[in-house]
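Structural overview
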Amino acid sequence: ASAEWPPERWAAFTALAPQQFDIEPDKDGVITAVEKLVAGGGAWDAVWQRWCQSHKAFAGVRKALDLLPPPTDLFIEASDRRPATNAKREQSLREMLLALGDLPYQAALKQLQTLCDEQAPRADSIWAELGEADLACAALHLKAMAKGIAGGALGHDWDALTAGYLDRGWRVDDAAWRAYAAVRDKPDQAAVEAALRGVYRPWLEQLATQVQGWASDYPCAGPARAPGFSPEPGTVLVFVDGLRCDLGMALAERLRGDGLDVSMDTHWTALPTVTATAKPAWRPLADALTGAELPDGFEPQLAENGKPCSSHRFGKLVAEAGFAALGAAETGDPSGCAWTETGRFDKDGHHHQAGLAHRLDDELRATALRVRELLSAGWQKAVVMTDHGWLLLPGGLPKVDLHQDLTESRWARCAKPKHGAAHGLPMLPWFWGGEHGVVCGPGISVFQNGVAYAHGGLSAQEALVPVLTLSGGGPSAATVTIEGADWKGLRLRVELAGAYA
């Protein structure tokens, strides 16, 4: 610093430093200063806090910390202020997470809880802010996941399961993908993957097996039980492909934070849980469709002429039902009623597989932005709806054999069987009727290798879908309040509430 500062400033500092910092800048080197910073005590604690609060402004400090020689004292070695201490804890956590994959389920769950209790606090450290504690950040989410799983069964019938999932189950799914999203390096991804496969996968399998055991009494067994979305002036339907229930809960929380009025409902969607079957499975559209034939793509037919419900014909049905179509960047006439589509959740899932986890937060943000845009344009109400959810398991969902010679078409989680095929796998009735059956992957299994993202079967994650009803956010409703203001060092943190960008 002597070469960078004006002489008078350096002289003032060197005069004060011995008394305030117990250091002589003209004699002692950088390593001496860094050693005192790490050791702490007195004014050095304030220096450390100042750096933690403004580390970007003092990037040289982080480089200087790497100059520290290996400690000779075990107590010093364990100092939280040493980069090597954090690195060792990351490596230890990495090794212990990897070992979870070799443990029985209950032992893995208990071990994960212990690990996360020990390591998750580092997610609030300077090393996490510097991007050097990604596994600790993942452990914070794994801790939430383990807590939800340890809470026990979600319910023992359809209604109880719905309530249990909305209370606790959705947080397990949310925490699982956020844990994987917290890491980018291959070794860290492998560690989180092992934890998910040791604890999250058994939970998914148990829940899916439970739900499939109730299939004969499925709540949405046909068009007569389809939900209704009638056209109302001032209302826009916002269709989001693949908005899983936990994402719906996260979206609702985000929009409430923006000052919008949000109510959330759920329903069980059409089977199989694929877009072609489930997207038009709502009244009044369902009244115009039939399932006389089971096509390879699982789409229903128009009742009036038997033609498949293609994307073009679906758009015509929506228009005939009284909804004007809006493009992705259009806001339309808020005095009428409209239909628009947004979101890339399902498309990104099929394309990126486990990498979808790294894109979900951005997609939630984009979906929330679209909803706010519509309400700000004057729509009184926006109803966010979807067709299906999905399963996501880094490292791949388990595969079950279903030979292609036994099927007319075979997707990741569902298949159209050939007549009389002896496949020995569970069958579900097709939502659109016609006495047609669909082969379903048992538990969370798929019919293809290397699939981490899939839908089409029967599980809570695929079949329980959200419906969000939102209002507010117009020009006159945008209010912002200051909830609190707190000085920390030279940084002012202000907490806002209301509709702000």
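Read on for an overview of the structure. Model, not experiment: these values are computed from the prediction.

Digging into the overall build of the chain
- Each helix and strand in the chain was counted, giving 17 helices and 16 strands.
- Principal-axis analysis of the C-alpha atoms places the extent of the chain at approximately 95 × 55 × 35 Å.
- Counting the 501 residues in the chain, one finds 48% classified as buried.
- Across the chain, the fraction of contacts at a sequence separation of at least 24, relative to all contacts at a separation of at least 6, is 72%.
- Computed over 47 positive and 62 negative side-chain charges, the inter-centroid distance for the chain is 2 Å.

So, the sheet that holds strand β2 (residues 261-268)
- Pairing is mixed across the open sheet formed by 6 strands, whose spatial order is β2-β14-β7-β1-β6-β5. Strand pairing shows two members of the sheet lacking a second neighbour, β2 and β5 (324-326), which therefore form its edges. Geometrically, the sheet is characterised by an average inter-axis angle of 20 degrees between neighbouring strands, direction not taken into account.
- Across 8 bridges, β2 lies against strand β14 (residues 464-471) in antiparallel orientation. Among the inter-strand pairings, W268 is bridged to a residue of β14, identified as L464.
- Packing of helix α10 (residues 158-181) onto the sheet brings it into contact with β2 and β14, and relative to β2 it is tilted by some 140 degrees.

Describing the pairing of strand β12 (residues 437-440)
- Pairing geometry for strand β10 (residues 414-417) and β12, over 2 bridges, is antiparallel. Residue A415 lies in a different strand from β12, and its bridge partner there is V439.
- For strand β11 (residues 427-429) and β12, the ladder comprises 3 bridges, and the chain directions are antiparallel. When the bridges of β12 are listed, P429 appears paired with G437.

Here we look at a positive patch on the surface
- Taken together, the side chains of K56, K488, R491 and R493 present a region of like positive charge at the surface.
- The class for R493 is partly exposed, based on a relative accessible area of 43%.

Let's talk about the sheet that holds β12
- Read across the sheet, 4 strands follow the order β9-β10-β12-β11 without closing on themselves; strand pairing throughout is antiparallel. In this open sheet, the two strands that pair with only one neighbour each are β9 (407-410) and β11. On average, adjacent strands in this sheet sit at an angle of 35 degrees to one another, irrespective of strand direction.
- In the sheet, β9 pairs with β10 via 3 bridges, with the strands oriented antiparallel. Within β10, the position partnered with T407 by the bridge is P417.

Quick look at the packing of helix α9 (residues 134-150) against α10
- Running from N to C, α9 and α10 cross one another at 155 degrees; their axes reach a closest spacing of 8 Å. Looking at the two axes, α9 sits roughly antiparallel to α10. Between α9 and α10 lies a crossing of left-handed hand. Seen from α9, the contacting residues are A138, H141, L142, A144, M145, G148 and I149; seen from α10, they are R168, V172, A175, A176, R178 and A179.

Topic: the environment of S125
- Inspection of the secondary structure assignment puts S125 in the loop between α7 (105-119) and α8 (126-129).
- Considered as a pair, S125 and D80 are 45 residues apart in the sequence and their alpha carbons are 9.1 Å apart.
- Among the polar contacts made by the side chain of S125, one reaches the main-chain carbonyl oxygen of R122 at a distance of 2.6 Å.

A short note on the side chain of T340
- Note on placement: T340 falls in strand β6 (residues 337-342).
- Using a relative accessible area of 0% as the deciding quantity, one classes T340 as buried.
- Each residue touching T340, except ones within four places of it in the same chain, is listed here: V236, L237, V238, F239, L326, G327, R370 and L374.

Some thoughts on the environment of H156
- Mapping H156 onto the fold places it in the loop between α9 and α10.
- A sequence separation of 58 residues divides H156 from W214, and the C-alpha atoms of the two residues are 9.6 Å apart.
- Setting aside its immediate chain neighbours within four residues, H156 contacts Q210 and W214.

So, the state of the cysteines
- Enumeration according to the criterion identifies 0 disulfides in this entry.
- Between C116, a free cysteine, and C137, which holds the nearest cysteine sulfur, the sulfur-to-sulfur gap is 12 Å.

A short note on the layout of surface pockets
- Here the second largest pocket is characterised by a volume of approximately 450 Å³.
- As for the second largest pocket, its lining consists of 19 residues, of which C52, D124, S125, I126 and E129 are closest to the centre.
- Counting only elements with at least two residues in the lining of the second largest pocket, the list comes to α3 (43-53), α6 (83-99), α8 and β16 (491-498).
- Examining the composition of the lining of the second largest pocket, we find that 4 residues originate from one element, α3, more than from any other.
- In the lining of the second largest pocket, the residues fall into 6 nonpolar, 4 polar and 9 charged.

A few points about the nonpolar core
- Counting 124 residues, the largest nonpolar core has L97, L112, M145, W282 and L470 as its most contacted members.
- Counting residues per element, this core draws most heavily on helix α11 (residues 186-212), at 11 residues.
- With near-sequence residues (within four places) excluded, L470 lies in contact with L255, L260, D261, V262, V371, L375, Q380, K381, A382 and V384.
- Core analysis: the next-biggest nonpolar cluster, separate from the first, contains 19 residues, C52, L68, A128 and A133 among them.

Section: the packing of aromatic side chains
- Per the counting criterion, the structure on display carries 20 aromatic pairs.
- With 5.5 Å between their ring centres and 80 degrees between their planes, W158 and Y218 make a pair best called edge-to-face. Here W158 is found in helix α10, whereas its partner Y218 is found in the loop between α11 and β1 (235-240), with 60 residues between them in sequence. Judged on exposure class, the residue W158 and its partner Y218 are both buried.
- These aromatic residues form a ring-pair network of at least three members: F229, F239, W282, F314, F323 and W339.

Reading the values: rules and limits
Residues numbered from 1 in each chain as written. Predicted model: local features only at pLDDT ≥ 70, side-chain atom pairs only at ≥ 80, totals over all residues. Heavy atoms only, no water. Helix = DSSP H or I, 4+ residues; strand = E, 2+ residues; numbered from the N terminus. Buried < 20%, exposed > 50% of the residue type's maximum accessible area, 1.4 Å probe, protein only. Contact = heavy atoms within 4.5 Å. Lys, Arg positive; Asp, Glu negative; His and termini not counted. Charge placed at Lys NZ, Arg CZ, Asp CG, Glu CD. Pairing = 2+ DSSP bridges. Axes fitted to C-alpha atoms, helices over the stretch in contact; angles between N-to-C directions. Patch = residues over 30% accessible without salt bridge, like charges linked within 9 Å, V, L, I, M, F, W, Y side chains within 5 Å. Areas by Shrake-Rupley, 256 points an atom, 1.4 Å probe, with all protein chains shown as cover. Salt bridge = Lys/Arg side-chain N within 4 Å of Asp/Glu carboxyl O. Parallel < 35°, antiparallel > 145°, perpendicular 65-115°, else oblique. Left-handed = near helix turned anticlockwise from the far one by under 90°. Polar contact = N/O pair within 3.5 Å; in protein donor to acceptor, adjacent residues only side chain to side chain. Disulfide = S-S within 2.5 Å. 1 Å grid on protein atoms, 1.4 Å probe; cavity = no way out; pocket = protein on both sides within 12 Å on 5 of 7 lines; lining within 4 Å. Points joined across faces, edges and corners; volume = space filled by probe spheres on them. Nonpolar A, V, L, I, M, F, W, Y, C, P; charged D, E, K, R; others polar. Core = buried A, V, L, I, M, F, W, Y, C linked by side-chain atoms within 4.5 Å. Phe/Tyr/Trp six-rings, centres within 6.5 Å; stacked < 30°, edge-to-face > 60°.

In short, the description is geometric, and any link to function would need to be established separately.
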